[in-house]
Amino acid sequence: MNLDIIPGTEWGFFTLPRPMCIAGPCSAETEEQVMETAEGLNAFGIHVFRAGIWKPRTHPGSFEGVGTQGLKWLRKVKETYGMKVCTEVASEKHVLECIKYGVDIVWVGARTSANPFLMQEIADALEGTDMPVLVKNPVNPDLDLWIGALERLNRAGLRKLGVIHRGFSTSAAIPYRNDPGWKLAIELRSRYPRMTFFADPSHMAGDRKYLQELSQRAMDLGLDGLMVESHHCPDCAWSDAKQQLTPKDLQHLLESLVIRENTSENDAYREGIDALRARIDLIDENLLKLLKDRMDVSRAIGEYKRAHNVAILQTGRWEQLLGDMVSRAAELGISAETITAIMTAIHDESVRVQKL
Ligand code: PEP
Ligand code: MN
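The rules behind these values
Residues numbered from 1 in each chain as written. Chains lettered and ligands numbered in written order. Predicted model: local features only at pLDDT ≥ 70, side-chain atom pairs only at ≥ 80, totals over all residues. Heavy atoms only, no water. Helix = DSSP H or I, 4+ residues; strand = E, 2+ residues; numbered from the N terminus. Expected span 1.5 Å × (residues − 1). Buried < 20%, exposed > 50% of the residue type's maximum accessible area, 1.4 Å probe, protein only. Contact = heavy atoms within 4.5 Å. Donors = N, O, S within 2.8 Å, 3.2 Å for Na, K, Ca; no water. Pairing = 2+ DSSP bridges. Right-handed = clockwise from strand over helix to strand, strands pointing away.

Asks: What is the right way to read helix α11 (residues 267–307) from this model?
Replies: Residues separated by three or four positions in an α-helix point in the same direction, a consequence of the helix having 3.6 residues per turn. Across its 41 residues, α11 extends 60 Å between first and last C-alpha, which sits within 8% of the 60 Å expected from 1.5 Å per residue. The set of residues buried in α11 consists of Ile273, Met295, Ser298, Gly302 and Lys305. Packed against the buried residues of α11 are α13 (336–355). Asparagine 309 occupies a position one or two residues after α11 and carries a positive phi of about 60 degrees.

Printed below as a string of structure tokens:
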């Protein structure tokens, strides 16, 4: 699916070098809390302030956001500190209120990007504006649903689109609140390299003690930016208290990150990488030839089995072969998981070829 996108570096909000950073509290709670947090963030160069005005909570009766009055506080952040402001929208009403109060960027939350009805409602409400929109991944790991959400916005004429990877709901026992599921994010990244890509380590982690490692990982994977929850008094926060950082702690976290360049124009680097890539290309070519030879032998085995009236699938033989490969791979430092995935794919193709 083709998306017509303007990269975030051209929206006029985000400063390079990486990481581009959006920070602010989970929720706007009071005018004082919003202003004090914004002051702390502005003090070390954060240009884009976030705060949830309408909060999607699991249980009714939890704090569900201050609503429209909070947009006036965001406007005050803009006027006082010259920061850009962003908040979450989940309906037409939210969008119209954001436009009215001069919100600079909106984001779509994980529970909303999973819902095509709401995505269409938001896209329709934004049509005719050039509002930048950041789309969080849906709660479930469904790449097409995520892309579909972006498509709906794009068809409504919105081109300033970016994504925020915040991990996926899981029932597995993991230390984080959400499964980082980096693989899916990287798949999206490689399909749409021009699209600005944020990670949200706060919602991924659920606990501030994991923020550093997840932020570093996001940078190592070459993502453009981070959206991090920051509150002037995290322990007093009305939502997501455990995962928020003071502005000072966020500053320290950002300073601790090791940022490696995505690409380098340096000539010596280019020569080195080109030589290594040439070796990889040759190995891949040999792999293809070997695979073809293997398939030819498989086909011959299929004919032989047929001539002797023997079933194609011999599970005992396959289990033995896989077991041998797993132990030989271990000696070469290749994991059981990797070799099993490779051999299973090869074996499936062999069975298919034998049946032809
Ligand atoms: C948020 O950013 O405050 C939020 C509710 O995030 P998510 O949609 O990722 O759960
Ligand atoms: Mn939150």
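Right, picking up where we left off after that structure.
Asks: Looking at this structure, I do not really get the coordination of the manganese ion (ligand 2). What am I missing?
Replies: Ideal coordination angles are 109.5 degrees for a metal with four donors arranged tetrahedrally and 90 or 180 degrees for a metal with six donors arranged octahedrally. Here the manganese ion (ligand 2) is held by Cys26 (SG), His203 (NE2), Glu229 (OE) and Asp240 (OD), and the distances to it run 2.1 to 2.4 Å. As a motif over one chain, the donors of the manganese ion (ligand 2) read C-x176-H-x25-E-x10-D. Taken together, the positions of histidine 203 in helix α8 (residues 201–205) and aspartate 240 in the loop between β8 (225–229) and α10 (247–256) put the pair 37 residues apart, joining distant regions of the chain. Since its relative accessible area comes to 9%, histidine 203 is described here as buried. Residue aspartate 240 is classed as buried on the basis of its relative accessible area, which comes to 19%.

Asks: Explain the pairing of strand β7 (residues 196–199) here, please?
Replies: Consecutive side chains along a regular strand alternate between the two faces of the sheet. Here β7 shows two buried faces, one formed by Thr196 and Phe198 and the other by Phe197 and Ala199. Two elements, strand β6 (residues 161–165) and β7, share four bridges in a ladder whose sense is parallel. Within β7, the residue paired with glycine 162 across the bridge is threonine 196. Remark: the β6/helix α7 (residues 182–191)/β7 crossover connection has right-handed handedness.

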